[in-house]
Amino acid sequence: MPSILTHIFLSLSILYLTTQSHPTIQSLPCDSSYSCQDLQGLGSLNTTCAITSSLHFTNHSCIFGAGNLQIAPQTKILCPQKGCSISINITGNLTVGSHSSITAGSIALNAGNIALNAGSILNTTGLAGPAPDQTSGTPPCCSKSGGGHGGRGANCVESNFTEWGGDVYGWSSLSHPWNYGSDGGAGEDGEDSKGNGGGRVLMKSENLLEVYGFVLAEGGEGGMNGGGGSGGSVIVQAFKLAGNGSISASGGNGWGGGGGGRISTQCYSISQDLDILVHGGKSYGCPENAGAAGSIYDRSLQTLKISNHNFSTRTETPLLGFPTTTLWSNVLIEANAKALVPLLWSRIQVTGQIKLIDGSSICFGLSENPISEFELVAEELLMSDSVIMVYGAFRLYVKMLLMWDSKLQIGGGGNDDVRVSTLEVRNLIVLKHNSVICSNADLGVYGQGLLNLSGSGDGIKAQRLFLSLFYNILVGPDSFLQAPPDDSESSLATKSSCESQTCPNELILPPDDCHVNSSLSFTLQICRVEDIIVSGLIRGSIIHIHRARTVTVNKYGMISASELGCKNGIGEGKTVKNGAGGGAGHGGRGGSGFYNGLLVDGGKTYGNADLPCELGSGSGGSDSEQVAGGGMIVIGSLKWPLSNLHLLGSLSSDGQSPSSSSSPPAVTPSSPPAVASTAGGPGGASGGTILLFLHYLLLERNSSLSVAGGMGGPRGGGGGGGGRIHFHWAGVATGEDYVQIASVNGSVSSSGGNGNGGGHKGEDGSITGKKCPKGLFGTFCLECPVGTYKNEVGSESSLCVACPLEALPYRADFVYVRGGATQPKCPYKCISQKYKMPKCYTPIEEIIYTFGGPLSFSILLSFFLILLALLISAIRIKMGKSGMDYSYRSKSGTGNDGHGSFPYLLSLAEVAGTSKEEETQSHVHRLYFMGPNTFREPWHLPYSPPDAIIGIVYEDAFNRFIDEINQVAAYEWWEGSIHSILSIVAYPCAWSWKQWCRRKKAKRLQEFVKTEYDHSCLKSCRSRALYKGMKVGSTPDLTVAYIDFFLGGDEKRADTQSTAQKRFPMCVIFGGDGSYMSPFCLHSDPLFSNLIRQYVSTAIWNRFTSGLNAQLRSVNRTKIKRQLARVVSWAASHGNPRLDQYGVRAELAWFQPTASGYFQLGLVLSVNERLFSPTYLSSSEPTRRSVSSTISVKSPRRQVNPPQSQSQSQSQSQPSGSSSSFSSRKRQTGGVHGGLITGDDALNSLRFRRDSLFPFSLLLRNTNPIGFEETVQLVICVILLGDFAITLLILVQFYWISVGAFLVILLVPPFSLLSPFLAGLNTIFSRGLKRSSLSRIYALWNATSLVNIIVAIICGLIFCTLPSTQMLTVLNNANFRRDENEWWVLPIILILVKILQEGLVNLHIANVEIQDLSLFSPNPDKFWAM
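Conventions and cut-offs
Residues numbered from 1 in each chain as written. Predicted model: local features only at pLDDT ≥ 70, side-chain atom pairs only at ≥ 80, totals over all residues. Heavy atoms only, no water. Helix = DSSP H or I, 4+ residues; strand = E, 2+ residues; numbered from the N terminus. Buried < 20%, exposed > 50% of the residue type's maximum accessible area, 1.4 Å probe, protein only. Contact = heavy atoms within 4.5 Å. Areas by Shrake-Rupley, 256 points an atom, 1.4 Å probe, with all protein chains shown as cover. Pairing = 2+ DSSP bridges. Arc of directions from axis to C-beta. Disulfide = S-S within 2.5 Å. Expected span 1.5 Å × (residues − 1). Axes fitted to C-alpha atoms, helices over the stretch in contact; angles between N-to-C directions. Patch = residues over 30% accessible without salt bridge, like charges linked within 9 Å, V, L, I, M, F, W, Y side chains within 5 Å. Salt bridge = Lys/Arg side-chain N within 4 Å of Asp/Glu carboxyl O. Parallel < 35°, antiparallel > 145°, perpendicular 65-115°, else oblique. Core = buried A, V, L, I, M, F, W, Y, C linked by side-chain atoms within 4.5 Å.

> So what about the overall build of the protein chain? Which residues, and what values?
The secondary structure content of the protein chain amounts to 24 helices and 71 strands. Burial status across the protein chain gives 57% buried among its 1426 residues. Here the analysis covers contacts within the protein chain between residues at least 6 apart in sequence; of these, 67% occur between residues at least 24 apart. By element, 55% of the accessible surface of the protein chain is carried by carbon and sulfur atoms, the whole surface being about 59,000 Å².

> Could you give an account of the sheet that holds strand E7 (residues 76–78), naming the residues involved and the relevant values?
In space, the 7 strands of this open sheet follow the order E4-E7-E10-E13-E16-E18-E20, with parallel pairing throughout. The open sheet is flanked by strand E4 (55–56) and strand E20 (275–277), the only strands paired with a single partner. Relative to strand E16 (residues 214–216), strand E13 (residues 121–123) is paired through 3 bridges, and the arrangement is parallel. Bridge pairing in E16 links Leu-122 to Val-215.

> Residues and numbers for helix H5 (residues 843–850), please.
Where H5 is concerned, the buried positions are Ile-844, Glu-845 and Ile-848. Down the axis of H5, the buried side of the element spans an arc of 90°, and every buried residue falls inside it. Once H5 finishes, Gly-852 follows within two positions and takes phi at roughly 100°, a positive value.

> Describe the state of the cysteines, naming the residues involved and giving the relevant values.
The final tally for this structure, using the stated rule, is 8 disulfides. Each sulfur in the disulfide pair Cys-498 and Cys-566 lies 1.8 Å from the other. When the S-S torsion is -105°, as for the bridge of Cys-498 with Cys-566, the disulfide is left-handed. Highlighted residues: Cys-498 in helix H2 (residues 492–499) and Cys-566 in the loop between strand E47 (558–560) and strand E48 (593–595), separated in sequence by 68 residues. Two residues, Cys-772 and Cys-781, share a disulfide whose sulfurs are 2.2 Å apart. One disulfide, between Cys-772 and Cys-781, carries an S-S torsion of -95° and so falls in the left-handed class. The pair formed by Cys-772 and Cys-781 is uniform in burial state, with each residue classed as buried.

> Describe helix H10 (residues 973–985), listing the residues and the values that go with them.
With 13 residues, H10 extends 19 Å between its outermost C-alpha atoms, agreeing within 8% with the 18 Å of an ideal straight helix rising 1.5 Å per residue. Restricting attention to buried positions, one finds in H10 the residues Glu-975, Gly-976 and His-979. For H10, the angular spread of buried residues about the axis comes to 95°, placing them on one side. In H10, the exposed residues that point more than 90 degrees away from the buried face are Trp-973, Ile-981 and Ile-984. Packed against the buried residues of H10 are helix H11 (987–1012).

> Explain unusual backbone geometry to me, using residue names and the numbers behind them.
Residue Ala-483 is joined to Pro-484 through a cis peptide bond whose omega torsion reads 0°. Going from Met-837 to Pro-838, the amide bond is cis rather than trans, its omega being 5°. Residue position: Pro-838 is located in the loop between strand E64 (828–830) and H5. The phi angle at Gln-74 is positive, at roughly 65°, despite the residue not being glycine.

> An account of the sheet that holds strand E69 (residues 1144–1151) is needed here, citing residue identities and associated values.
Here we have 4 strands laid out as an open sheet, ordered E68-E70-E69-E71, and antiparallel in their pairing. Two strands bound the open sheet, and with one partner strand each, they are strand E68 (1066–1069) and strand E71 (1234–1236). Strand-to-strand, the axes of this sheet are offset by a mean angle of 35°, without reference to chain direction. In terms of strand pairing, E69 meets strand E70 (residues 1160–1167) through 8 bridges, oriented antiparallel.

> Can you explain a nonpolar patch on the surface? Please cite residues and give values.
Taken together, the side chains of Tyr-1295, Val-1299, Leu-1303, Val-1304, Leu-1307, Val-1308 and Phe-1311 define a hydrophobic patch exposed on the protein surface, amounting to about 590 Å² of accessible area. If one sorts the elements of the nonpolar patch by residue count, helix H19 (residues 1299–1307) sits on top with 4 residues. For Val-1304, the location among the structural elements is in helix H19.

> If you had to explain the packing of helix H15 (residues 1098–1112) against helix H16 (residues 1120–1140) to someone new, which residues and values would you point to?
One can describe the packing of H15 onto H16 by two numbers: an axis separation of 10 Å at closest approach and a directional angle of 175°. Between H15 and H16, the crossing angle belongs to the class labelled roughly antiparallel. Residue-level contacts link Ile-1100, Trp-1101, Phe-1104, Gly-1107, Leu-1108, Gln-1111 and Leu-1112 of H15 to Arg-1126, Val-1127, Trp-1130, Gly-1135, Arg-1138 and Leu-1139 of H16.

> Before we move on, can you summarise the nonpolar core with the specific residues and values?
One finds Phe-364, Phe-394, Leu-465, Leu-481, Ile-526, Ile-559 and Leu-651 to be the most contacted residues of the largest nonpolar core, which totals 90 residues. Not counting chain neighbours up to four residues away, the residues in contact with Leu-651 comprise Ile-559, Ile-633, Ile-635, Leu-645, Ile-690, Leu-692, Ser-704, Leu-705 and Ser-706. Judged by nonpolar contacts, the second largest core, of 62 residues, contains Phe-814, Trp-1296, Tyr-1338 and Leu-1346.

> Which residues make up the environment of Pro-942, and what values do they have?
You can see Pro-942 is positioned in the loop between strand E65 (923–928) and helix H9 (955–969). Residue Pro-942 is classed as partly exposed on the basis of its relative accessible area, which comes to 28%. Each C-alpha atom of the pair Pro-942 and Phe-929 lies 7.9 Å from the other, and the pair is 13 residues apart in sequence. For Pro-942, the contacting residues outside a window of four places in its chain are Met-930, Phe-958 and Ile-962.

> Tell me what's going on with the side chain of Thr-265, and back it up with residues and numbers.
Within the secondary structure, Thr-265 is located in strand E19 (residues 262–270). Judged by relative accessible area, which is 2%, Thr-265 ranks as buried. Residue contacts for Thr-265: discarding those within four places in its chain leaves Val-236, Ile-270, Ile-276, Tyr-297, Asp-298, Arg-299 and Ser-300.

> Go over the pairing of strand E51 (residues 642–647), please, and point to the residues and values.
Both strand E46 (residues 550–553) and E51 contribute to a ladder of 4 bridges, which runs parallel. Within E51, the residue paired with Val-551 across the bridge is Leu-645. Bridging between E51 and strand E53 (residues 689–699) involves 5 bridges; their strand directions are parallel. Its bridge partner being in E53, His-646 is matched across the sheet by Leu-698.

In structure tokens:
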């Protein structure tokens, strides 16, 4: 048989070589030439000829013409003899009408345009002439097989010499096929039972060829007693081939179907609706084996197509060669076609695709002799539901390999004697839907792009498998890479590794070329691949992944060498005949087996734990009982370690466990118990080796890395020992460059297998890592724990030694350092970033200990502050002497320089050119504004003129004037809004804003009365004309304003008495509002002074004013009852006794209550008019007029009603006349509402509403002077500097505690904590009239800063008393002592300093404003002694 097959191959080769040149299509023989009339047509062949009747030729016929030819419908042109030819050559158009036909052995049509209408037929079926010489297209006699041409004929008789009928021919003329088809094999009935071969058809059109009918060159029908004929030949040449008809060179049906013929097309475009068929004929004798498909060759696209039109067949279409000069573009094998490349060596090369689809297949070589070598070169190899079988060596070179439900099998037939096969796919390999590439020998798969095993059933397997040069390898779910296959025996590499105790060098230092090498030890190698992603299975005895970048094993993915190791091996366990066996050993000793009370030793340990490279051992025993140890998985190498291993699935090399089927049969009633109990079970195999050369390992949760030993067999089998796992870390960075090289959340196991039935458990194997550098320890080179250090190379945890505690500050703890500590002096860090290294001091402590400690710092700070205060005082004194002398002493003896800073609105007497005496004489009445002059309650005048001026004004006009001036006196809404905002943000600024608005409002009132108002309310024409009847004035503190009314000089006065005497009793309202910033004060303006000096000397009155102001300045409106009583007492003991001598009496009173409860305080001055009359000297019993009868008394609203009668105070020092000499004549006071304050009842009725700043009145108080002004200022300077120093320390302290706390303290209210220092310096260096006002502002800033300190205390409680989570952790440290509990010390000290500072400032203001201490003398005589 081999010699015969060899002869066939040689014959076919000779045939191929001798038929390489394309045969020239000879002109059809032409026995007769016809004109249009000869054809019974109408017209002429040179114009248009229409054939309307059927024609029957008996010989070769030709029709020529330069015109058009039309064959009418239903017309038949026949030449039914075999080989008879009909040739039509028309220059114009050729039209074959509907249901017309041309029947002959050969038909040639040549025209400008050809149209085969619907139902028309060009038929050469079964009319073939003789087949070419020296061909075997016709099968032997009586075989009933199909004839061959483009495809082999089918053979349904198994006893035939060949598996096919007629053979193929005409391969050399694929592009110009012009051969007749062959006859089928005859049956017992003779030659008439066979089917004849198909004829020939040539259609050539210069432009359009339309086929709506049928072009048939099919083989003839053979029936049940003969084989079908093979298809003939069809040549189609046109610019455009259109239509929905059919062109067929199919084989004929028969007992054995005939093979398909050959069709060649040369068209620019071909309609997709046109059927072009070359399938084999149906086989009645074997329906599943139709004739083989013929060939369709597209000359325009240079594409060969083999299609069997989905007819099932076992008969092949041989492909006898491929061009090497002008390459084909594509080869398409489809629709159940079976192609065969039968040569010893063949190179199939196309420039485009090789496509196998729809159940097709291609076979390279013969299964009986798989010794051939084949090369397939193309751009793409596309397979869908198809098979490629290679019997021999196969080399594939394509850019893209796509497989869908297909199989590529190399070395089929079970013969291992083949060479190495290689698949080189440069761009993409994709296997989908159960596609498999398999080989029973060595297989190398190379590429430069992606290898994608998409899903279930997709895989590549070989005896030894090499994958290299890919960018990515994706092993999808339920897909696989496997070497060796499941049904193969252990490879030579596995057997040699089992017998050797030396580590193969190629596993540690593999070659870099990644080529297939049968001398290498591994069975599955993946080499020079960037990324490997495994969601399926990679399985092999010795798996080596070399020069890869990353390997990712997804969930349910697996890289496994389990149960693929040695079946004996170095660590094979001992066995006893018919008894239990010990487990195999490897990394751990195998467990002992138990048999009849005796222990059977397990296998020994072997291999190097620090660099393992051995297979696991089997349990030994008989072949039926042997189990295999774990294989070996090596990832990376010493030279090329893996960058990253990401494991979500499993990486295993476990030993095999004996199955229950290998155990002895169970005891049955028919078997004696003694016999059943004498058989033991084999031991478990040992785990294999996993050797990882890598940079980084990530084991996710539920992942596993395992080299576990197998379980012992039933009835006493010992468990297998665990294998070995070694992590050979590459490039472990140290120090600041260290990164964690392993994250292990899954399991890493080298456990031994459990024994069974008394058998012992195998020992655990080894899990080791490369020795770690300094600072790192353990298998995964972790950093030594915090507080330990390691200064030598090694992996043992005992090398991490505890750090000494001697140099650790008490506020510090050992900290993590990248790469671990490598020196005994371990790095530490303060327990919080708030502390400063290296001593972990707070910023305050850092400052303090810089100067030697708390005591030294306190002494140095105190000395520095005193020295600086002395320096500032010296500068202040020097500046005071060198500058202008701004010392001021008021005429009254009370320094009102504080009020002198406020503008004073000049009265008429102060205007240049005006006589003060004239102004005094013309003055009628002073009308005071009501209200405190605030934004909520501005100044306003009451309606209805007082009695004192009712005679000089028009009442209606006066009321209109009141409306206008009250509108002028009112504030804008935005002024009050700004004041409210500033009151919250910075109260001293709010007070300054209010004073500025008051000053502007006072000027506005003055301008209104002086220049804008026309004085129309006055009756005096002169006053209206000169605008001199009314003048506006105010007190210096801008709390009280008034309007003075003057006579114009043209009034008619019936009374000629002195105008001065008519003004009394006179109401004089105190300036100020009783607050710290505006104390009560009696202001003597020039007009008032001129009036009073007519009765009392200027010196006496100034002294009285100074004494009264000294008493009034300490009256606080929040304690007005108690403190005003002291003023009443002083007036009774010091003031009135002296004034009575001059006929003047001053009584304290309240005036003008408002709806809000506000009222004004002042004096009621009365004079004894008779004391100054001409009859005074002759009068002996002057009578004193009661003051209470001269003033209209009304209670202020919202107050307790004062008593209805006031007790009269008797003077202790009387003037020359008695008090009864006072005039009793009653005068009107101008309608000023109020009441005298002379008794306790009146005092108790006085109430001031307390404002929001009431608590500060405890600190901001106007006190009595003590003198020692320079000393007080020096102490204030020292305290001010100390205040500033402590403030800075507090800010530093809270900045350390929290930046948020620092900002809150500094900004709530904004910068009030630092403003006292600036205000204090301004006060210290101030001179002249502004000293007391600046001092009060300084005091106000100082009191306001207490809010910041309260905020600081609140922040301290929040940030220090309530510890954070981090601090709670730190508090558990025994080395920590919490000193932040003393945060409150500085705030409390600062509060005390500010209280002391406030008291000193109060004394300083008193010293500045009152420099005559005799004003506070309790002795009236000393007080009046001037």
